[in-house]
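The residues making up each chain are set out below.
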Amino acid sequence: MPGIYRDIPLHDYHRADLCDAVSVSSSMFRNIINKSPKHAFDKSSLNPHREDTETETEAMVLGRFVHKAVAGEPFDDDTVMRPATVGGFAYNANRKEWRDWLKEQRGAGKYVISPALAERAKGMIIALGQFPLVQTRHAGRIAGALADLEGPARVLEESAAR
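Residues numbered from 1 in each chain as written. Predicted model: local features only at pLDDT ≥ 70, side-chain atom pairs only at ≥ 80, totals over all residues. Heavy atoms only, no water.

*Asks:* Provide a residue-level description of the environment of arginine 30, including the pertinent values.
*Replies:* Here arginine 30 is to be found in helix H2 (residues 26–34). Taking the relative accessible area as the measure of exposure, arginine 30 reaches 46% and is therefore partly exposed. Along the sequence, arginine 30 and alanine 40 sit 10 residues apart, while their C-alpha atoms lie 8.1 Å from each other. (Helix = DSSP H or I, 4+ residues; strand = E, 2+ residues; numbered from the N terminus. Buried < 20%, exposed > 50% of the residue type's maximum accessible area, 1.4 Å probe, protein only.)

*Asks:* Residue-level account of the layout of surface pockets, with values.
*Replies:* Where empty space is left can be seen by rolling a probe of water-molecule size over the atoms. In this model, the second largest pocket occupies a volume close to 340 Å³. In terms of lining, the second largest pocket is formed by 15 residues, of which the most central are Glu56, Val61, Arg106, Tyr111 and Val112. Sorting the residues of the lining of the second largest pocket by element identifies helix H4 (58–71), helix H5 (96–107) and strand S4 (111–113) as the ones contributing at least two each. It is S4 that contributes the most residues to the lining of the second largest pocket, three residues altogether. Each residue belonging to the lining of the second largest pocket can be placed in one class, and the counts come to seven nonpolar, three polar and five charged. (1 Å grid on protein atoms, 1.4 Å probe; cavity = no way out; pocket = protein on both sides within 12 Å on 5 of 7 lines; lining within 4 Å. Points joined across faces, edges and corners; volume = space filled by probe spheres on them. Nonpolar A, V, L, I, M, F, W, Y, C, P; charged D, E, K, R; others polar.)

*Asks:* Pulling in residues and values, what's your account of H5?
*Replies:* Between the first and last C-alpha of H5 there are 16 Å, a value that for 12 residues agrees with the 16 Å anticipated at 1.5 Å per step. All of the buried residues in H5 are Trp98, Trp101, Leu102 and Gln105. Projection of H5 onto a plane perpendicular to its axis shows the buried side chains occupying an angular sector of 95 degrees, all on one side. Residues of H5 that are exposed and point over 90 degrees away from its buried face: Lys96, Lys103, Glu104 and Gly107. Once H5 finishes, glycine 109 follows within two positions and takes phi at roughly 75 degrees, a positive value. (Expected span 1.5 Å × (residues − 1). Arc of directions from axis to C-beta.)

*Asks:* Outline the packing of aromatic side chains, supporting the account with residue identities and numerical values.
*Replies:* On inspection of all chains with the given rule, the structure shows two aromatic pairs. For the ring pair tyrosine 91 and tryptophan 98, a centre distance of 4.9 Å and an interplane angle of 80 degrees mean the geometry is edge-to-face. We classify tryptophan 98 as buried; its relative accessible area is 0%. Judged by centre distance (5.7 Å) and plane angle (70 degrees), the ring pair of tryptophan 98 and tryptophan 101 falls under edge-to-face. Placement of the pair is tryptophan 98 and tryptophan 101 together in helix H5, with a separation of three residues, close to one helical turn. Following the ring pairs from residue to residue traces out a cluster consisting of Tyr91, Trp98 and Trp101. (Phe/Tyr/Trp six-rings, centres within 6.5 Å; stacked < 30°, edge-to-face > 60°.)

This is the structure in structure tokens:
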């Protein structure tokens, strides 16, 4: 049924069969406007010849994280905060220990959130919480998301100090 739907979990939102007819995402609209309808169709799940070569960008991880936080969805099911150290070594994507850790996380279907990205997300969540519509619909969720965001960071800081 046509309309605007709220409170759709993110994993359902991205399902191709969510609607019984063709639906358009904001990403598709941006590709139509900023590039061309052909660019939009080339990347669309509606294109049977689409090549799924899209790599996970920081913006995609951030967007997914903020969406889930504001919607009140748990984000620890597919997201992990990057620890301060792995194998006793500070973050360095070129070290074998870190490459192995990142590969393990991705293999488990996890998206890695860096401390800097978590801070950006926190700022966005706080800013979103200032909008009246969001305050009305999601005030408790935003408070919970901020508390959840602080929790993993504290756990990581404590484990890194050991």
